[in-house]
Amino acid sequence: MKRLAIIILVFVFLPLGAFADGLYGGIDLFYASLIRPADVVALDTAGLNMADFAFGGEARLILDPFWGSAIGLYAPGDMNLPHHIDIFLDAGLGLSLGIAHVGVGIGPNFGLEFGNGANGLFRAGANLRLTGDIVIGPFLVGLNWISDIEFTRASIADAFMNPYGKLGISVLYGI
């Protein structure tokens, strides 16, 4: 019985290895507030402080053309904003074009706010993620956009038509 189970597992998972680009892990840095692309173009950096950023880690599995990722971010907050931890889970489709990898994914997100009167406020929702990476040897250096959505066609279409979300960079290493 053990041999049969091992043979089945080998024949089920072995073909996936042919499409695997790999497992990546690394760091992320996001602007913690929601912004629009026009805000990015304006590049107004006056008054930025640590509370404006969220940082953390990411794990991403790429099985061309599919990918999945998990991001954990911590935003330190300040006297006006509560500290918060966010977890974004995404699955989607990607395309490798030479040294570039682009992808779009969707998934649930979870957050916990604490401090400054938040007292452990838990929130859950969904997100749409766009990612573009440059492959440099075993590294993926990427630009990411995450928009909060609902799991409806109208909400997803609106996220593409009127982007409003978090912008971040990632540096991932192939494990």
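The model shown is predicted, which means the values in this text are computed figures rather than measured ones. (Residues numbered from 1 in each chain as written. Predicted model: local features only at pLDDT ≥ 70, side-chain atom pairs only at ≥ 80, totals over all residues. Heavy atoms only, no water.)

1. Things to note about the overall build of the protein chain
Thinking step 1. Of the regular secondary structure elements, the protein chain holds three helices and eight strands.
Thinking step 2. Beginning at the N terminus, the succession of helices and strands in the protein chain can be written as α-β-α-β-β-β-β-β-β-α-β.
Thinking step 3. By the burial criterion, 31% of the 175 residues in the protein chain qualify as buried.
Thinking step 4. Here the analysis covers contacts within the protein chain between residues at least 6 apart in sequence; of these, 57% occur between residues at least 24 apart.
Thinking step 5. As displayed, the protein chain offers around 10400 Å² of accessible surface, 73% of which is attributable to carbon and sulfur atoms. (Helix = DSSP H or I, 4+ residues; strand = E, 2+ residues; numbered from the N terminus. Buried < 20%, exposed > 50% of the residue type's maximum accessible area, 1.4 Å probe, protein only. Contact = heavy atoms within 4.5 Å. Areas by Shrake-Rupley, 256 points an atom, 1.4 Å probe, with all protein chains shown as cover.)

2. Side note on the pattern of salt bridges
Thinking step 1. For the structure on display, the rule yields seven salt bridges.
Thinking step 2. A salt bridge links E58 to R129, with the shortest nitrogen-to-oxygen separation between them at 2.9 Å. Residue E58 is located in strand β2 (residues 53-63), and its partner R129 is located in strand β6 (residues 121-136); the two are separated by 71 residues in the primary sequence. Here the two residues E58 and R129 agree in accessibility, since each one is buried.
Thinking step 3. With a shortest N-O distance of 3.2 Å, D86 and K166 are connected by a salt bridge. Of this pair, D86 sits in strand β4 (residues 83-97) while K166 sits in strand β8 (residues 165-174); the two residues are 80 residues apart in sequence, bridging distant segments of the chain. (Salt bridge = Lys/Arg side-chain N within 4 Å of Asp/Glu carboxyl O.)

3. Details of the environment of G115
Thinking step 1. Along the chain, G115 falls in the loop between β5 (100-114) and β6.
Thinking step 2. Measuring from C-alpha to C-alpha, the distance between G115 and P82 comes to 5.2 Å, with 33 residues separating the pair along the chain.
Thinking step 3. Look past the residues within four positions of G115 in its chain and what remains in contact with it is P82 and H83.

4. What about the side chain of N144?
Thinking step 1. Tracing the sequence through the fold places N144 in strand β7 (residues 139-149).
Thinking step 2. In this structure the side chain of N144 is engaged in a polar contact, spanning 2.8 Å, whose partner is the side chain of R129.
Thinking step 3. Within the structure, N144 has its side chain in polar contact with the side chain of T131 (distance 2.7 Å).
Thinking step 4. In this structure, N144 is in contact with F30, R60, R129, L130, T131, K166, L167, G168, I169 and S170, ignoring residues within four places of it in sequence. (Polar contact = N/O pair within 3.5 Å; in protein donor to acceptor, adjacent residues only side chain to side chain.)

5. Overview of the pairing of strand β3 (residues 66-75)
Thinking step 1. Residues W67, S69, I71, L73 and A75 point to one face of β3 and are all buried, whereas F66, G68, A70, G72 and Y74, pointing to the other face, are not buried.
Thinking step 2. The pairing of β2 with β3 spans nine bridges and is classified as antiparallel. Residue pairing for β3: L61 is matched across the bridge by G68.
Thinking step 3. Hairpin geometry of β2 and β3 is characterised by an intervening segment of two residues between the two adjacent antiparallel strands.
Thinking step 4. When β3 meets β4, the two strands line up antiparallel, connected through ten bridges. Its bridge partner being in β4, L73 is matched across the sheet by D86. (Pairing = 2+ DSSP bridges.)

6. Observations regarding the confidence of the model for the protein chain
Thinking step 1. Chain-level pLDDT for the protein chain is 79 on average; 75% of the residues reach the 70-or-more range.
Thinking step 2. Per-element confidence in the protein chain ranges from a low mean pLDDT of 48 for helix α1 (residues 2-19) to a high of 94 for β3. (pLDDT = per-residue confidence, 0-100.)

7. What about the pairing of β7?
Thinking step 1. Here β6 pairs with β7 via eleven bridges, running antiparallel. Across the sheet, T131 pairs through a bridge with N144, a residue of β7.
Thinking step 2. Counting the residues in the hairpin turn of β6 and β7 gives two residues, including G137, whose phi is positive at 60°.
Thinking step 3. Alignment of β7 against β8, held across nine bridges, turns out to be antiparallel. Bridge assignment links F139 to a residue of β8, and that residue is Y173.

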